[in-house]
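Listed below, chain by chain, are the residues.
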Amino acid sequence: MFQTRIAGIGHYVPKNIYSNHDLTRFMDTSDEWIQARTGIQERRFADRFGETTSSMGIAAAEMAITRAGITAQDIDFIIFATLSPDYYFPGCAVLVQREMGMQEVGALDIRNQCSGFIYALSIGDQFIKTGMYKNILVIGSEKHSFAMDFSTRGRAVSVIFGDGAGAVVLQPTDDSKSGILSTHLHADGTDAEKLAMYYPGSANGMHLDNPPVWPDVELGGLFMTEELVKDGSIFPYMDGQAVFKKAVVKFPEVILEALTKNNLTTSDIDLLIPHQANLRISQYIQKVLQLPNDKVFNNIQKYGNTTAASVPLALSEAWEAGKIKPGDLVCLAAFGAGFTWGAALVRF
Ligand code: ACO
């Protein structure tokens, strides 16, 4: 068995910056409300027609591949995590494979929302450990701006999310004491509908208390009616308080599980990089784990919540800022829709 090391880290954010104040052009909100509840000051939005989830993922991947000292031709497996793919199908990983001119390597998409990158990292880790692949590209990327309700009706959700991408290259190492020490994945589907985008979907809204009235057709038809568009049902739904309550329990739980598995304690963590869901959630985790400010990395203030991209984007910025040194123990953790959550402990 090999150990998996993170050989290269990269990220990409679109150039269009939208401050909280900018959002007041579209909806009734305020910088004060957004900062007080989420810590977000601004976010990036991709070019509406020039950039896609896969193109941002490719930009992040190019940086990670260069930093790993390899070329796209060396990649032997691609894993792409996103909830905002270019197409309903096929997924983004094949688009990366095509656009980067890679060999006919395997390409897998992960649909685990905010914890998507941790799940992707864990899957990549298993493939490296067994010796199946030698250079795995793992990408998390989101273009949320294409499917948000930027009117006052959708403000509780749309002020939180931003666009961006992050990527890593995974390689085997013989050093059994470094690299990914362990990954821990969990899910509880009880509240699957509390953070979700229901359409288009084969459930056709039948899980709702008041299901929509569908056109009178016997078979087929994509039930994306004018009414659904008009009443905003096509946009993501979030029960913010339910998410908050579960996240603040599951984040610390899975981090402690990872530490215990490796006979480590919170004082061994050099840097915690939590999924950037909400600054208040990060601060709560920091308090529970009793970590000083310099041991927790947050960049949600600049980018908002970028879902599957948030952990690799923060990892890349932390690494660039010199906050991760050889030998450091870094804990990556995420919680999101599903609900799904997970953690990874990495020795650099
Ligand atoms: N601007 C101004 N007012 C707003 C906005 C806005 N953007 N959004 C909602 N409001 C109003 C509401 O209409 C409501 O008004 P009312 O009292 O007159 O009815 C009031 O503010 C309070 O609304 P709540 O939804 O109760 O606000 P809450 O304090 O719960 O904060 C929030 C909402 C920020 C979403 C909070 O629940 C939260 O942080 N939840 C965690 C969810 C989260 O972090 N999700 C991230 C995505 S999931 C993930 O990554 C894990």
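Residues numbered from 1 in each chain as written. Predicted model: local features only at pLDDT ≥ 70, side-chain atom pairs only at ≥ 80, totals over all residues. Heavy atoms only, no water.

Colleague: Go over the domain arrangement of the protein, please, and point to the residues and values.
Modeller: Domain parsing of the protein yields domain 1 (3–173) and domain 2 (179–191 + 238–347). Here the C-alpha centre of domain 2 lies 17 Å away from the C-alpha centre of domain 1. On the side of domain 2, 43 residues touch domain 1, which itself brings 49 residues to the contact. Overall, the association of domain 1 and domain 2 removes approximately 3,500 Å² of surface from exposure, summing both partners, and the carbon and sulfur fraction of that is 66%. In this assembly, domain 1 and domain 2 are joined by 1 salt bridge. For the salt bridge of Glu 320 with Arg 67, the shortest nitrogen-to-oxygen distance reads 2.5 Å. The interface formed by domain 1 and domain 2 holds 18 residue pairs in polar contact (both at pLDDT 80 or more) in total. Elements that contribute at least two residues to the side of domain 1 that touches domain 2 include exactly strand E1 (3–12), helix H2 (31–38), strand E3 (42–45), helix H3 (53–67), helix H5 (116–129), strand E6 (136–142), helix H6 (155–158) and strand E7 (164–173). (Domains from an automatic or database assignment. Contact = heavy atoms within 4.5 Å. Buried area = accessible area lost by both parts, 1.4 Å probe. Salt bridge = Lys/Arg side-chain N within 4 Å of Asp/Glu carboxyl O. Polar contact = N/O pair within 3.5 Å; in protein donor to acceptor, adjacent residues only side chain to side chain. Helix = DSSP H or I, 4+ residues; strand = E, 2+ residues; numbered from the N terminus.)

Colleague: I'd like to hear about the environment of Val 157, residue by residue, with values.
Modeller: Checked against the element boundaries, Val 157 lands in helix H6. On the accessibility criterion, Val 157 (12% relative accessible area) is buried. It is 9.3 Å that separates the C-alpha atoms of Val 157 and Phe 235, two residues lying 78 residues apart in sequence. (Buried < 20%, exposed > 50% of the residue type's maximum accessible area, 1.4 Å probe, protein only.)

Colleague: I'd love a proper account of the sheet that holds strand E11 (residues 271–274), names of residues and values included.
Modeller: What the 4 strands build is an open sheet, ordered E8-E13-E12-E11; its pairing is mixed. Single-partner strands in this sheet number two, and they are strand E8 (179–187) and E11. Strand-to-strand twist of the sheet, defined as the mean angle between neighbouring strand axes without regard to direction, takes the value 10 degrees. As defined by bridge partners, E8 adjoins strand E13 (residues 340–347) across 8 bridges and the pair is classed as antiparallel. Each residue of the ladder has a partner; that of His 184, found in E13, is Ala 343. Contacts between H5 and the sheet are confined to E8, strand E12 (329–336) and E13, with E8 contributing the most and set at about 125 degrees to the helix. (Pairing = 2+ DSSP bridges. Axes fitted to C-alpha atoms, helices over the stretch in contact; angles between N-to-C directions.)

Colleague: Can you break down the site of the ligand residue by residue, with the values?
Modeller: Every one of the 24 residues lining the ligand counts as a neighbour, but Thr 29, Gly 240, His 275, Asn 278 and Asn 305 are closest to it. Trp 33 is positioned such that a nitrogen or oxygen atom in its side chain is 3.1 Å from an oxygen atom of the ligand. At 3.0 Å, a side-chain N or O of Arg 37 approaches an oxygen atom of the ligand. Considering the ligand on its own, with 1,000 Å² of exposed area, one finds that the protein chains cover 73% of that surface. Element by element, the count of residues in the shell around the ligand is highest for helix H8 (residues 240–261), at 4 residues. Residue assignment places the shell around the ligand across two domains, with domain 1 (3–173) and domain 2 (179–191 + 238–347) each supplying three or more. (Near = heavy atom within 4 Å. Areas by Shrake-Rupley, 256 points an atom, 1.4 Å probe, with all protein chains shown as cover.)

Colleague: Tell me what's going on with the nonpolar core, and back it up with residues and numbers.
Modeller: With 40 residues, the main nonpolar core has Ile 255 and Leu 272 as its most contacted residues. Mapped onto this core, the elements with two or more residues apiece are H8, helix H9 (279–289), E12 and E13. Split by domain, the residues of this core number at least three in each of domain 1 (3–173) and domain 2 (179–191 + 238–347). Excluding its chain neighbours within four sequence positions, the residues that come into contact with Ile 255 are Ile 269, Leu 272, Ile 285, Leu 289, Cys 331, Ala 333 and Ala 343. Among the nonpolar cores identified, the runner-up in size contains 32 residues, and Phe 77, Val 138, Leu 271 and Ala 344 belong to it. (Core = buried A, V, L, I, M, F, W, Y, C linked by side-chain atoms within 4.5 Å.)

Colleague: How would you explain unusual backbone geometry if you had to name every residue and give the values?
Modeller: In the segment running from Phe 89 into Pro 90, the intervening peptide bond is cis, with an omega of 0 degrees. When you line up the elements, Pro 90 lands in the loop between strand E4 (77–81) and helix H4 (92–99). With an omega dihedral of -10 degrees, the bond running from Tyr 199 to Pro 200 counts as a cis peptide bond. Its identity is not glycine, yet Gln 290 carries a phi of approximately 55 degrees, on the positive side. Relative to the elements of secondary structure, Gln 290 occurs in the loop between H9 and helix H10 (300–303). Among the residues examined, Gln 290 registers a relative accessible area of 71% and is labelled exposed. For Thr 307, which is not a glycine, the phi torsion comes out positive at approximately 50 degrees. Mapped onto the fold, Thr 307 is located in the loop between H10 and helix H11 (310–320).

Colleague: Please give an account of the layout of surface pockets that cites residues and values.
Modeller: Estimated volume of the largest pocket: approximately 1,100 Å³. In this structure, the largest pocket is lined by 41 residues; those nearest its centre are Leu 83, Arg 111, Met 197, Tyr 198 and Tyr 199. At the level of secondary structure, the elements contributing two or more residues to the lining of the largest pocket comprise strand E9 (195–196) and strand E10 (237–238). Along the lines of polarity and charge, the residues of the lining of the largest pocket split into 27 nonpolar, 9 polar and 5 charged. Split by domain, the lining of the largest pocket shows at least three residues from each of two domains, domain 1 (3–173) and domain 2 (179–191 + 238–347). (1 Å grid on protein atoms, 1.4 Å probe; cavity = no way out; pocket = protein on both sides within 12 Å on 5 of 7 lines; lining within 4 Å. Points joined across faces, edges and corners; volume = space filled by probe spheres on them. Nonpolar A, V, L, I, M, F, W, Y, C, P; charged D, E, K, R; others polar.)

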